[in-house]
Amino acid sequence: MGEISSLSAYLPMLRLERAAAAAALRWSGLGGARAGHRSVASWDEDALTMAVEAARGLSGPEPGEVVFASTSAPFHDRLHAGLMAAALGLPASCRAGDVAGSRRCAVGALLRALRGNDGQTLIAAGEKRPARAGSAAQLAWGDGAAAAAVSANGFARLRGDASQNHDFIDFHSSRDHPTPYMAEERFVRDTAVSTVLAPTIRAALRAAGVEAGQITHAVIPEPAPATYRPLAAKLGLKAENYAEKVQAAAGDLGAALPLFALALATDGAKPGDLILLAGFGSGCDALVLEMTGRPDRPSGAEQALRQGLAFKDYLRFLSLSGSLDLDWGPRSELEQKTAGPVLERYGHDMLGFVGGRDSTGNVQFPKTRLPVSPEADATVPLTDVRLADTAARIQSVTADRLNYCPDPPFHFGLVQFDNGARVLMEFCDVPPGPLEVGDPVRMRFRIKSVDRRRGFRTYFWKAAPAERPAMEG
């Protein structure tokens, strides 16, 4: 049996004020939720990039297995876990697998790792789910990611669990209908409580040998608003539900929501506390976890909720979420096909942001057949140097609207790394106000280009301000 040894969470910087979106839709009577914020991924973020960012926050030894969980993965036939392993700098021999098909896929992967752990396992979930403009889901959902590490020794162990497979259609999406088709809210709430959640949780409590009143913290996603209260009354639960806090501040994060809320719960838990964790979707997985210690460092979940940039522009949100296809003019028509041989030759260095160090100690990116330093020994091959986790500062910066960018302006410039490397890079997550030369930056894994004609996207790293602004209010 394994134990949870680390948890981490990630949210994109942008947060749409639901009240502003509701005001824009007031004439129609549509829109759903009107309080709080909804996290919004940038144009260059998707389920994979956010899962990578969440996984980068984990601590502990190098994992031997990587699992990517999502219901909104960008590819149908391309191993996202393999891309994630490369982005994290893990060896090609690392076991990798994707899980999908249900919002409970991440909790199911966590359960399998806890029950059959034979080494360090990393589970990272990310979501950027499409929804139609005006639908309740568009404002109730959010974009984000969370990750968990399971190893032989950790701070939370499995006391008991139960699972139920149930083809309960609260909503569905498919290749033929990518956006959700929702069932009636009251039907969803009543059926989820009585038929899916309550029986599964009761069975998990029995397996753990505990009473509902002994649960200290709860992590139970709400498939419809106000689901947890009747469920708690039915079972005798008195614990706070951390999933509600996430859904109010950032939205329903799909497969990533349970891990994100679990990170919040464990940050404030103490040894001996019992945590009830549920994954919901096409049935339920319910886990009773016991805290055996404390995390060695905060998960970053609370910080992710507190930091961000709120905005009110509903049209900008529609564009970022893919609900509005704007005509960006001829500059946006640049052909961005990436050839397979190019990825085969340079993909490892692009995904892992791997540069090279020559015989003189000079670090460069990209690598070249001959080192750029004239003093270096050209017969000595360059040594791999990972730049993704290296401290860096802005050396120069430019912002313009001449280069095409789906969320202008386009920021780019030179980045000076502490190990001596200097790279021309794009900037992302730029808050209001100018970037300054000398500002510290950190690397973020992002979409580099999108070939819409062939349905393909490539990934690379971009520089972002080291600190994000605090959410107001």
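Rules behind the numbers
- Residues numbered from 1 in each chain as written.
- Predicted model: local features only at pLDDT ≥ 70, side-chain atom pairs only at ≥ 80, totals over all residues.
- Heavy atoms only, no water.
- Core = buried A, V, L, I, M, F, W, Y, C linked by side-chain atoms within 4.5 Å.
- Buried < 20%, exposed > 50% of the residue type's maximum accessible area, 1.4 Å probe, protein only.
- Helix = DSSP H or I, 4+ residues; strand = E, 2+ residues; numbered from the N terminus.
- Phe/Tyr/Trp six-rings, centres within 6.5 Å; stacked < 30°, edge-to-face > 60°.
- Lys NZ or Arg CZ within 6 Å of the ring centre and 35° of its normal.
- Expected span 1.5 Å × (residues − 1).
- Bend = angle between axes of the 7 residues up to and from the residue.
- Contact = heavy atoms within 4.5 Å.

Engineer: Can you walk me through the nonpolar core in this structure?
Structural biologist: Note that soluble globular proteins tend to have their nonpolar side chains buried in a common cluster. By size, the foremost hydrophobic cluster in this structure holds 52 residues, and its most contacted members are Met84, Phe353, Leu387, Val415, Phe417, Met443 and Trp461. Take this core: its biggest share by element is 7 residues, from helix H2 (residues 47-56). Ranked by size, the runner-up nonpolar core spans 48 residues in total, among them Ala125, Ala146, Leu259 and Ala304.

Engineer: Whenever I open this one, the packing of aromatic side chains confuses me. Can you help?
Structural biologist: Here a ring pair, both rings aromatic, is described through the centre-centre distance and the interplanar angle of the planes. Summed over all chains, the structure comprises 14 aromatic pairs. Aromatic pair phenylalanine 353 and tryptophan 461: ring centres 6.5 Å apart, planes at 20°, arrangement stacked. Placement of phenylalanine 353 in the loop between helix H12 (340-352) and strand S16 (354-357) and of tryptophan 461 in strand S24 (residues 456-465) is noted, with a sequence separation of 108 residues between them. The residues phenylalanine 353 and tryptophan 461 share a single accessibility class, namely buried. Grouped by ring-pair contacts, the aromatic residues Phe353, Phe365, Phe417, Phe445, Tyr459, Phe460 and Trp461 constitute a single cluster. Of note, arginine 78 hangs over the ring of phenylalanine 75, and the distance from its end group to the ring centre comes to 4.8 Å. Looking at arginine 129, its charged tip hangs above the ring of tryptophan 141, at a distance of 3.7 Å from the centre.

Engineer: Can you walk me through H12 in this structure?
Structural biologist: One turn of an α-helix holds 3.6 residues; hence residues three or four places apart share an orientation. When the terminal C-alpha atoms of H12 are compared, their 18 Å separation across 13 residues agrees well with the 18 Å that a helix rising 1.5 Å per residue should span. The sharpest bend along H12 comes to roughly 65°, located at tyrosine 346. Taken together, the buried positions of H12 are occupied by Gly347, Asp349, Leu351 and Gly352. Buried-residue contacts for H12 involve helix H3 (80-87), S16, strand S18 (383-386), strand S23 (440-451) and S24. Backbone geometry just after H12 places phenylalanine 353 at a positive phi near 50°.

Engineer: Sorry, what's going on with the environment of leucine 287 here?
Structural biologist: Within the element layout of this structure, leucine 287 appears in strand S14 (residues 283-291). Note on leucine 287: relative accessible area 0%, which makes it buried. Once the C-alpha coordinates of leucine 287 and alanine 204 are considered, the two residues, 83 residues apart in sequence, prove to be 6.2 Å apart. Aside from chain neighbours lying at most four places away, what touches leucine 287 is Val107, Leu111, Leu114, Leu158, Gly160, Asp161, Ile275, Leu276 and Leu277.

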